[in-house]
Structures are given as structure tokens and as C-alpha cells.
Amino acid sequence: EGDNLRASTERMWDIILAHRLAQAGGEVLYGVATDDAHNYHKFEPRAANPGQAWTVVRAARLTPESIIRAMDVGDFYCSTGVKLKDVAFQDDTLRVQVDPEPGVTYTIRFIGTRRGFDPASREVASAGGTVIRTTRVYSPEIGTVLAESQGATAGYALKGDELYVRAKVISSRKNEKSHVPDECESAWVQPVR
């Protein structure tokens, strides 16, 4: 999750995407979700057990070749509980459709970085002034919320000045397996450009 001294993993993803894609020939970096499983025999709500995060791949067949091919082109999303019906990028519009569950509400955020962002960074220092070996501090122009929608379906039409756009779906259901208090189940859609 990060804190006031360290960037979250999601923030690191945006920093990497912005810097890679601002360079000529820079390629998209896809994100994956896995459980950081350490406990396989004792299952508790906040233990590091399997099944806390996963990757959903849209593959033509259930074969290693088909799954790898789909992942190579970013045809997958990651989740801690939210299920998606469809993700499509067509006519410069990223569309996300949730497979809704009764009684659960959804917020769909389209996140990205625009061309011309401030690429500068600075070291992180503790209150005593000691430099901390951690992620540097970058511009708030990186990984901003470009649009937000309430509901199970939303789309974002690229304006043309974005380096990339990705989506995050946040449900109203608490993620009971999370180590982060009050964290809700979410899904992350791969960036498009």
C-alpha cells in the first residue's frame, strides 16, 4: 500500500509506465496479481493464504501457448475479488464491464499520465533528514484519475494526449483477506495507448 515515505505498488506501476512510455519506442508494462502466499495449512482471514489475488486471462484455448499469447498482448486483468464481464479497447475508447454481484456497487476509475508530465524526482528523507533507500518522490501528474464513474459499466475515450490509460474497478465489498484495514475488493485493467 505504501505510506508517506514509500510509493505503493500501484503508484510504482504508474511511475514506470510514465517514464517508459515518454521515451521513443517505450513499451507498456503489464501488471499481474498474485497472492503472496506463505501459509498453506492454517487458513485465517488475514493470513498469507492462497486465493487473495489472481490474474484472469482471455485466451482462445486453455493451453499454455494460448494463455501466453493473450498475456503477451495484455488481454488479461488482475483481481482481488471483482469479476469483469468484458474489457475492450476499440476506436480509442477503453470500456470496462463488471460482472456485478447483488448488493455490491462499483466505482470505475480511468487512470493515466498525460504527455509533458514533470519527470523529475527527489529523494525521500526521514523527519531527521536521513535519506531513505526507497522509491523516489515523483510528480502528482503521474497516474492521475482522468475519469471516474459509478456503476458496472464505463468507458473512457482517449483525448490523444495520454501516454497510457488503465482502469481500476473498486467494489463496495470489503476485502476480508486483505492486510490493509477497510480495503475493498478491486480489479486492475491493463494499460492501453
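Residues numbered from 1 in each chain as written. Predicted model: local features only at pLDDT ≥ 70, side-chain atom pairs only at ≥ 80, totals over all residues. Heavy atoms only, no water.

Caption draft 1: Structural detail: the pattern of salt bridges. As enumerated under the stated definition, the model contains 11 salt bridges in all. One salt bridge in this structure joins Arg-114 and Asp-161, with 2.7 Å as the shortest N-O distance. Remark: Asp-161 occurs in the loop between β9 (153–157) and β10 (162–174) and Arg-114 occurs in strand β5 (residues 106–114); sequence separation between them is 47 residues. Arg-114 gets classed as partly exposed once you look at its relative accessible area, which sits at 31%. Where Glu-185 meets Arg-173, a salt bridge forms, and the shortest distance between an N and an O atom there is 3.6 Å. Here Arg-173 lies in strand β10 and Glu-185 lies in strand β11 (residues 184–192), a separation of 12 residues in the sequence. Given a relative accessible area of 12%, Glu-185 falls into the buried group. Because the salt bridges share partners, they merge into one network encompassing Glu-10, Asp-14, Arg-166 and Lys-168. (Salt bridge = Lys/Arg side-chain N within 4 Å of Asp/Glu carboxyl O. Helix = DSSP H or I, 4+ residues; strand = E, 2+ residues; numbered from the N terminus. Buried < 20%, exposed > 50% of the residue type's maximum accessible area, 1.4 Å probe, protein only.)

Caption draft 2: Spatial organisation of the sheet that holds strand β4 (residues 93–98). Read across the sheet, three strands follow the order β3-β4-β9 without closing on themselves; strand pairing throughout is antiparallel. With partners counted over all chains shown, the strands left at the sheet margins are β3 (84–90) and β9, one partner each. Sheet twist, expressed as the average angle between the axes of neighbouring strands with direction ignored, equals 10 degrees. (Pairing = 2+ DSSP bridges. Axes fitted to C-alpha atoms, helices over the stretch in contact; angles between N-to-C directions.)

Caption draft 3: How the structure looks around the packing of aromatic side chains. Under the criterion given, the structure shown has two aromatic pairs. Relative to Tyr-156, the ring of Phe-110 lies with its centre 5.8 Å away and its plane at 25 degrees, an arrangement referred to as stacked. Of this pair, Phe-110 sits in strand β5 while Tyr-156 sits in strand β9, placing them 46 residues apart in sequence. As far as the burial class goes, Phe-110 and Tyr-156 line up, both buried. (Phe/Tyr/Trp six-rings, centres within 6.5 Å; stacked < 30°, edge-to-face > 60°.)

Caption draft 4: Structural view of the sheet that holds strand β8 (residues 144–150). Overall, antiparallel pairing links the six strands, which are arranged β1-β2-β11-β10-β5-β8 in an open sheet. For this open sheet the edge positions go to β1 (54–57) and β8, each flanked by a neighbour on one side alone. Taken over all neighbouring pairs, the strand axes of this sheet differ in orientation by 20 degrees on average, direction set aside. The pairing of β1 with strand β2 (residues 76–79) spans four bridges and is antiparallel. Residue pairing across strands places Thr-55 opposite Cys-78, the latter belonging to β2. Contacting β5, β10 and β11, helix α1 (residues 9–21) runs over the sheet at an angle of about 165 degrees to β10. Along the sheet, helix α2 (residues 64–72) makes contact with β1 and β2, crossing β1 at roughly 100 degrees. (Contact = heavy atoms within 4.5 Å.)

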